Amino acid sequence: MPTRASEQPQDSSEKKSGNVIKSPLVGTFYASPAEDADPFVQVGEQVQKGKILAIVEAMKLMNEIESEFDGTIEEILVENGAPVEYGQPLFIVR
């Protein structure tokens, strides 16, 4: 008989090690500054503290999400255009 813990999906942020950058607010996640523009960052890219990683739109205001750490983007946990919650992991930086 499976245990309750095994029935729940694993959070991908728990599988990877590194620093997690979380959403500071509820809104819509955008990986690039415009639909036809390149994304701010890609997996494997080196980033410095303060570099813009994405935008979260909340009530028609565009809020820049900056890296809190120096390192390499190990994983982007959210799809472009997806809704995000306060505290939801967005990136893993190692």
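Residues numbered from 1 in each chain as written. Predicted model: local features only at pLDDT ≥ 70, side-chain atom pairs only at ≥ 80, totals over all residues. Heavy atoms only, no water.

So, about the sheet that holds strand β4 (residues 52–58). Here four strands make up an open sheet; going across it, the order is β5-β4-β2-β7 and the pairing antiparallel. Each edge of the open sheet carries a strand with a single partner, namely β5 (61–66) and β7 (83–84). (Pairing = 2+ DSSP bridges. Helix = DSSP H or I, 4+ residues; strand = E, 2+ residues; numbered from the N terminus.)

As a further point, take unusual backbone geometry. The phi torsion at Met-59 lies on the positive side, around 55 degrees, for a residue other than glycine. The residue Met-59 is located in the loop between β4 and β5 in this model.

This part covers the pairing of strand β6 (residues 71–76). In the sheet, strand β3 (residues 46–47) pairs with β6 via two bridges, with the strands oriented antiparallel. For Gln-46, the partnering residue across the bridge sits in β6 and is Thr-72. Examined bridge by bridge, β6 and strand β8 (residues 89–93) share three bridges and lie antiparallel to one another. By the bridge assignment for β8, Ile-73 is matched with Val-93.

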